[in-house]
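Descriptive structure summary
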Amino acid sequence: ERGQDYTGISGTLNDFQYQWNDIFSEIPENVRVLGALALQVPVYALSNTNPWPAAYLDQKFDWMGLFTQRFYSCNLGVRKPDARIYQMALERAGML
């Protein structure tokens, strides 16, 4: 109930997740550039997000597979602009 008061969204948790994730859409030019880059160099995603969009994006958009690795703040336990998130991503990507 408190969440409904805060967001103005009534319904189930699944209803809320659907509406939350519905903000994401594909930008064809960006996907084209990503695809071209991925053929030449490793590409990485670093995103401040929670588990719902992270899972949704990975499942909904095939082009997410073009990233060599995807780093989500919800999995790393720290968010941008905290310098630790960049350090962690670089270490996990094997660049440090």
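Everything that follows concerns the structure shown earlier in this document.
Our subject in this report is the structure included herewith. Residues take numbers from 1 onward in each chain, read along the sequence in its written order. Since the coordinates come from a predicted model, pLDDT governs what is reported: local features require at least 70, and pairs of side-chain atoms require 80 or more to be given and counted, while whole-chain, interface and lining totals use all residues. To obtain the side-chain values, all non-hydrogen atoms of the structure were included, while hydrogens and water were left out.

Thoughts on the layout of surface pockets
To be explicit about the condition: The definitions used throughout rest on a 1 Å grid laid over the protein atoms alone, on which a cavity is an enclosed set of points accommodating a 1.4 Å probe that cannot get out and a pocket is an open set flanked by protein within 12 Å on both sides along at least five of seven lines; lining residues are those having an atom within 4 Å of a point. Grid points are joined across faces, edges and corners, and a volume is the space filled by probe spheres set on the points. Runs of H or I in DSSP of at least four residues are treated as helices and runs of E of at least two as strands, each being numbered from the N terminus. Gly is put with the polar residues, along with every residue not named as nonpolar or charged; the nonpolar set is Ala, Val, Leu, Ile, Met, Phe, Trp, Tyr, Cys and Pro, and the charged set is Asp, Glu, Lys and Arg.
For the largest pocket, the calculated volume is near 150 Å³. Taken together, Phe24, Ser25, Ala45, Leu46, Ser47, Leu57, Trp63, Met64, Phe67 and Tyr72 make up the full set of residues lining the largest pocket. Looking at the lining of the largest pocket element by element, the count peaks at three residues for strand E1 (residues 44-47). Classifying every residue of the lining of the largest pocket gives eight nonpolar, two polar and no charged.

Structural notes on the pattern of salt bridges
Keep this limit in mind: In what follows, salt bridge is the name for a side-chain nitrogen of Lys or Arg lying within 4 Å of a carboxyl oxygen of Asp or Glu.
Enumeration over the complete set of coordinates arrives at three salt bridges. For the salt bridge of Arg32 with Glu29, the shortest nitrogen-to-oxygen distance reads 2.7 Å. Here Arg32 and its partner Glu29 are both found in helix H3 (residues 28-38), three residues apart, which amounts to about one turn of the helix. Ionic pairing is found between Asp58 and Arg70, a salt bridge with its closest N-O pair at 2.8 Å. Placement of Asp58 in helix H4 (residues 51-60) and of Arg70 in strand E2 (residues 69-72) is noted, with a sequence separation of twelve residues between them.

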